[in-house]
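# Fold and contact review
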Amino acid sequence: MKFVKLTASTLALATAATVASARDNVQVAGSSTVLPYASIVAEAFGENFDFPTPVVESGGSSAGLKRFCEGVGENTIDVANASRAIKSSEVESCAANGVTDIIEVRIGYDGIVFASQIDGPAFTAFQPADIYNALAPKVVVDGALVDNPYTKWNEFNADLPDAEIAAFIPGTKHGTREVFEEKVLAAGCEATGALEAMVASGMSEDDAEDACIAVRTDGRSVDIDGDYTETLASIDSNPNGIGIFGLAFYENNTDKLKVATMGGVEPTTETIAAGDYPVSRPLYFYVKKAHIGVIPGLKEYAEFFVSDDMAGEGGPLAEYGLVSDPELAATQEAVAEEATMGEGM
């Protein structure tokens, strides 16, 4: 005879399943970058399957993963969308609340782009050092680390416009912010010599790395806690504004925005797929395995999301701007087998 150990997660789901037909629709929350892709999939899923259309909400990667890790049961979400990989601290938080079996699903790739008003100043080419010099609290001037004195872009790079610095960047709850910090601010900090200057001043390497991703607080760098539409609205009202967007959002708003190169490379699906554009990242969603078989349509939704018809080259997600994952077949197999993190995902 086979004995089954009932964990807290199992018991919670068993209870949820016995509640008058429990919840009958998949619930999703998280990344504003993944939101349009998930919405496209959810709508098509509702139209093509005998399950209700999944409910998809935004809120940011960190907020979505926090909700995902609240526990197991019909009162918790089934899927968290994320524009970054889940952190070990989040996995630990999940485990502490009974969410122990997590399926990580990589859906493809996206680029982070720097865009401005289409009729605004000629922001057409950036290096990470430019963004760091514009937004950092402290910068290197004449070999010394000083409080950032710059108010215009051309004050540190004569090739940039004579325009006031006004940047609208993702708030700290967004996964896009972390990628921006790592691949742009940190890279610019090192390129300008600020990291070396910080360490030379007596800061520990860890403290210096943290200082490298800080942003000025004098109003020239503004955190946007909402989605990209809020960033777009901020740029609409500020002709000198620079905003950070996902490539797909930019490509669907080219009538309003113009994009800058980064490191001399224009952001396109082709340059991201080739690995040439330096500010790109994989996109994910995370599935609560304990909800599969309890929440109707959950596994079917996950499989449909990464199917060739949806996430493959030429599919609707690629048409919207997603860069297809060259390892999509492996992802499809892992989802079909319900492979959880730590099982070869």
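Scroll up for the structure.
Residues numbered from 1 in each chain as written. Predicted model: local features only at pLDDT ≥ 70, side-chain atom pairs only at ≥ 80, totals over all residues. Heavy atoms only, no water.

### Some points on helix H3 (residues 61–68)
For H3, the set of buried residues is Ser61, Ser62, Gly64, Leu65 and Phe68. Each buried residue of H3 sits inside an arc of 165° when the element is viewed along its axis, so together they form one side. Buried positions along H3 lie against strand E1 (27–30), strand E3 (79–82), helix H4 (88–96), strand E4 (102–117), helix H6 (175–191) and strand E13 (280–288). (Buried < 20%, exposed > 50% of the residue type's maximum accessible area, 1.4 Å probe, protein only. Helix = DSSP H or I, 4+ residues; strand = E, 2+ residues; numbered from the N terminus. Arc of directions from axis to C-beta. Contact = heavy atoms within 4.5 Å.)

### Looking at helix H5 (residues 128–135)
Extensive coverage of H5 is indicated by the burial of 8 of its 8 residues. Among the residues of H5, Pro128, Ala129, Asp130, Ile131, Tyr132, Asn133, Ala134 and Leu135 are the ones counted as buried.

### What to know about the pattern of salt bridges
If you walk through the whole model with that rule in mind, you get 16 salt bridges. With its nearest N and O atoms 3.1 Å apart, the salt bridge here joins Glu178 to Arg84. Taken together, the residues Glu178 in helix H6 and Arg84 in the loop between E3 and H4 connect sequence positions 94 residues apart. Judged by its relative accessible area of 23%, Glu178 falls in the partly exposed class. Where salt bridges share partners, they join Arg84, Lys87, Glu90 and Glu178 into one cluster. (Salt bridge = Lys/Arg side-chain N within 4 Å of Asp/Glu carboxyl O.)

### Brief notes about the environment of Ala144
Mapped onto the elements, Ala144 comes out in strand E7 (residues 144–147). Sequence separation between Ala144 and Met198 is 54 residues, and the spatial gap between their C-alpha atoms is 9.8 Å.

### Observations regarding the packing of aromatic side chains
Tallied over the entire structure, the rule returns 20 aromatic pairs. Ring centres of Phe114 and Phe126 lie 6.3 Å apart, and the angle between their planes is 65°; this geometry places the pair in the edge-to-face category. One end of the pair, Phe114, is in strand E4; the other, Phe126, is in strand E5 (residues 125–126), with 12 residues separating them in the sequence. Phe126 carries the same exposure label as Phe114, and that label is buried. Here the aromatic rings of Phe285 and Phe305 are separated by 4.7 Å at their centres, their planes lie at 40°, and the arrangement is tilted. One end of the pair, Phe285, is in strand E13; the other, Phe305, is in helix H12 (residues 298–305), and 20 residues separate them in sequence. Judged on exposure class, the residue Phe285 and its partner Phe305 are both buried. (Phe/Tyr/Trp six-rings, centres within 6.5 Å; stacked < 30°, edge-to-face > 60°.)

### What to know about a negative patch on the surface
A grouping of Glu205, Asp206, Asp207, Glu209 and Asp210 is seen on the molecular surface, where their side chains present a negatively charged patch. By the secondary structure assignment, Glu205 is in helix H8 (residues 205–212). On the basis of relative accessible area, Glu205 is assigned to the exposed category, the value being 54%. (Patch = residues over 30% accessible without salt bridge, like charges linked within 9 Å, V, L, I, M, F, W, Y side chains within 5 Å. Areas by Shrake-Rupley, 256 points an atom, 1.4 Å probe, with all protein chains shown as cover. Lys, Arg positive; Asp, Glu negative; His and termini not counted. Charge placed at Lys NZ, Arg CZ, Asp CG, Glu CD.)

### A closer look at the pairing of E4
With 14 of 16 residues buried, E4 is to be regarded as a mostly interior element. Relative to E13, E4 is paired through 9 bridges, and the arrangement is antiparallel. Residue pairing in the sheet places Ile102 in a bridge with Lys288 of E13. As paired strands, E4 and strand E10 (residues 242–246) are joined by 5 bridges and run antiparallel to one another. Within E10, the residue paired with Ala115 across the bridge is Gly243. (Pairing = 2+ DSSP bridges.)

### Quick word on the pairing of E13
Most of E13 sits inside the fold, with 8 of its 9 residues counted as buried. Sheet analysis places E3 next to E13, joined by 4 bridges and oriented antiparallel. When the bridges of E13 are listed, Ala80 appears paired with Tyr286.

### Some points on the state of the cysteines
Enumeration according to the criterion identifies 2 disulfides in this entry. The disulfide partner of Cys69 is Cys94, and the S-S distance across this bridge is 1.9 Å. Disulfide Cys69 to Cys94: torsion about the S-S bond roughly -70°, handedness left-handed. In this pair, Cys69 is assigned in the loop between H3 and E3 and Cys94 in helix H4, connecting sequence segments 25 residues apart. Residue Cys69 is classed as buried on the basis of its relative accessible area, which comes to 3%. Within the protein chain, bonded cysteines paired by disulfides and numbered along the sequence follow the pattern 1-2, 3-4. (Disulfide = S-S within 2.5 Å.)

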